[in-house]
Amino acid sequence: MQMDERKRKILRAIVQDYIATAEPIGSRTIARKFDLGVSSATIRNEMADLEELGFIEQPHTSAGRIPSDAGYRYFVDCLMDPQALNAEEIEIIERESAKRINELQEVITHTSKLLSELTNLTSLVLGPHKGKSTFGKMHFLPYQPGQVIMVIVKENGVVENHIIDVGENLTAEELQHVAGVFNQKMRGYSISQVKRSLLHEIYSELSRQRLLIDNALDMLRAILDDNEEKDRIYLGGTLNMLNQPEFRDLSKVKTLFKVFEENEPLKKLITPRQEGLNVTIGGENILKEFQDCSVISATYKVNGLTIGAVGVLGPTRMDYAKVIAIVDFMTRSLTEVLTRRRR
């Protein structure tokens with residue numbers, strides 16, 4: 001049995017209507033709501049074929065039909081029209097992304113919150129991996145007599161600020177010189193890769209700032225610790241699940257919320273199977289608790305290096321075109337923000 005143009009139009013109508021109403025739809029309603037140029041009897045026969053193909057199914061004893069996971073997959077892969085964000089949505093994302101946010105955790109939390117607000121679904125953001133991090137760039141900012149703020153930018157885009165003692169007042173030029181030596185000597189190294197000869201070079205060039213160097217190195221050892229650290233999942237809009245008709249069953253919601261408390265399962269859920277944008281529908285999810293859900297996710301980068309992922313979790317009855325457009329734009333925006341911070 002082939003998927004001809006008429007079946008495609010009917011499947012598209014069923015998916016679009018169910019996304020909008022969360023109600024099964026019958027042949028008469030399709031004929032009335034969608035101008036397909038055929039009778040309800042013809043639509044009924046085509047729906048029987050679509051059901052045999054596995055693209056639609058009958059919930060309970062309802063006379064209407066709803067899309068199956070395979071129907072959603074065919075819709076996303078073959079029938080869905082790409083959707084662009086409107087001017088207001090683009091303005092919101094660009095304005096919020098442009099705000100000065102000093103810590104990476106703030107950037108990620110901010111992204112998660114904005115994503116859930118724009119989609120009215122649950123957002124998941126996989127933060128950059130912090131283990132085995134390497135040195136990217138250093139800045140020193142005068143703080144108060146005898147102290148400076150040391151700003152460290154890691155290669156993975158993470159930014160950390162720490163106050164350290166310098167023992168004396170140093171000019172901005174002296175601080176810039178110290179940072180320049182570190183940036184030249186240590187860029188791309190983890191702390192375990194910093195050999196004695198390299199430390200000797202640093203001390204030789206910066207002999208007058210011995211206390212600053214000692215304290216800076218101590219802080220770098222802590223910041224660039226090679227101990228493995230778990231990637232963290234940031235959640236946003238978890239209560240949005242309660243607004244979906246599919247999750248009126250509280251036992252189902254409790255199961256989902258229990259998994260929300262666990263980092264590793266969520267990491268598996270959001271980690272894309274391949275670079276770029278991914279759509280995982282219903283039973284395609286590896287976690288059985290989420291096989292009534294779909295996940296749209298995409299990776300974000302710093303200077304071309306993939307360091308994390310952004311995703312949206314919702315019922316299989318989600319507006320795929322809209323959510324895909326938002327996730328794609330948010331991911332590109334996050335990549336730009338982190339890359340600017342890295343420079």
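Anything mentioned here points back to the structure above.
As the structure is a computational prediction, the values presented were derived from the model and not from experiment. All chains use their own residue numbering, which begins from 1 and follows the written sequence. Local features in this predicted model are restricted to residues whose pLDDT is 70 or higher, and side-chain atom pairs enter the listing and the counts only when it is 80 or higher, whereas totals over whole chains, interfaces and linings include all residues. Where side-chain values are given, they derive from all heavy atoms of the structure, hydrogens and water being excluded.

## Notes on the overall build of the protein
The way it works is that DSSP assigns letters per residue, a run of H or I at least four long becomes a helix, a run of E at least two long becomes a strand, and they are numbered from the N terminus. Along the protein, the regular secondary structure elements total 12 helices and 10 strands. Only protein chains enter the accessibility calculation, which uses a 1.4 Å probe. A residue is then buried if its area is under 20% of the maximum for its type, exposed if over 50%, and partly exposed in between. Buried positions account for 50% of the 343 residues belonging to the protein. Taking all contacts inside the protein whose residues are at least 6 apart in sequence as the whole, residues at least 24 apart take part in 63%. Computed with the Shrake-Rupley method and a 1.4 Å probe, the accessible areas treat only the protein chains shown as cover for residues. By element, 47% of the accessible surface of the protein is carried by carbon and sulfur atoms, the whole surface being about 17,400 Å². Residues are treated as being in contact if the distance between any of their heavy atoms lies within 4.5 Å.

## With respect to helix 7 (residues 172-186)
Here helix 7 is 15 residues long and its end C-alpha atoms lie 21 Å apart, about the 21 Å a rise of 1.5 Å per residue gives. Immediately beyond the C-terminal end of helix 7, within one or two residues, lies glycine 188, with a positive phi of roughly 90°. Take the residue count of a helix, subtract one, and multiply by 1.5 Å to get its expected span.

## A word on the packing of helix 1 (residues 5-21) against helix 4 (residues 69-79)
Where helix 1 contacts helix 4, the two axes come as close as 10 Å, and the packing angle between them is 110°. With respect to their mutual orientation, helix 1 and helix 4 come out roughly perpendicular. By crossing handedness, the relation of helix 1 to helix 4 is classed as left-handed. Residues Arg8, Leu11, Arg12, Val15, Gln16 and Tyr18 of helix 1 form the contact with helix 4, whose participating residues are Gly71, Tyr72, Tyr74, Phe75, Cys78 and Leu79. Note on geometry: axes are lines fitted to C-alpha atoms, helical ones only across the stretch in contact, with angles between N-to-C directions running from 0 to 180 degrees. Roughly parallel here means an angle under 35 degrees, roughly antiparallel means over 145, roughly perpendicular means 65 to 115, and every remaining angle is called oblique. Each crossing gets its handedness from the near helix: less than a right angle anticlockwise from the far helix is left-handed, clockwise is right-handed.

## Overview of the sheet that holds strand 7 (residues 233-236)
The strand order 7-3-10-9-8 describes an open sheet built from five strands, whose pairing is antiparallel. Of all strands in the sheet, those bounded by a partner on one side alone are strand 7 and strand 8 (277-281). Here the average twist between neighbouring strands, direction ignored, is 20°. Relative to strand 10 (residues 305-315), strand 3 (residues 122-126) runs antiparallel, the two sharing five bridges. Considered in strand 10, the bridge of threonine 122 is made with leucine 313. Packed onto the sheet, helix 11 (residues 263-270) meets strand 3, strand 7, strand 9 (293-302) and strand 10 and runs at close to 95° relative to strand 3. For two strands to be treated as a pair, DSSP must find at least two bridges joining them.

## Points about the pattern of salt bridges
Note on definitions: salt bridges are taken to be side-chain nitrogens of Lys or Arg within 4 Å of carboxyl oxygens of Asp or Glu. Overall, the coordinates contain 14 salt bridges when judged by the stated rule. Here glutamate 46 makes a salt bridge to arginine 6, at a shortest N to O gap of 3.3 Å. Note that glutamate 46 is positioned in helix 3 (residues 40-53) and arginine 6 in helix 1, a separation of 40 residues in sequence. Exposure remark for glutamate 46: the relative accessible area of 8% places this residue in the buried category. With a closest N to O distance of 2.7 Å, lysine 113 and glutamate 117 form a salt bridge. Of this pair, lysine 113 and glutamate 117 both sit in helix 6 (residues 104-119), four residues apart, which is roughly one turn of that helix. The exposure class assigned to lysine 113 is partly exposed, which follows from its relative accessible area of 49%. The exposure class assigned to glutamate 117 is partly exposed, which follows from its relative accessible area of 46%.

## A few points about the pairing of strand 3
Most of strand 3 is tucked away: five of the five residues are buried. Taking every second residue as pointing to the same face, both faces of strand 3 are buried, with Thr122, Leu124 and Leu126 on one and Ser123 and Val125 on the other. Relative to strand 7, strand 3 runs antiparallel, the two sharing four bridges. Each residue of the ladder has a partner; that of serine 123, found in strand 7, is glycine 236.

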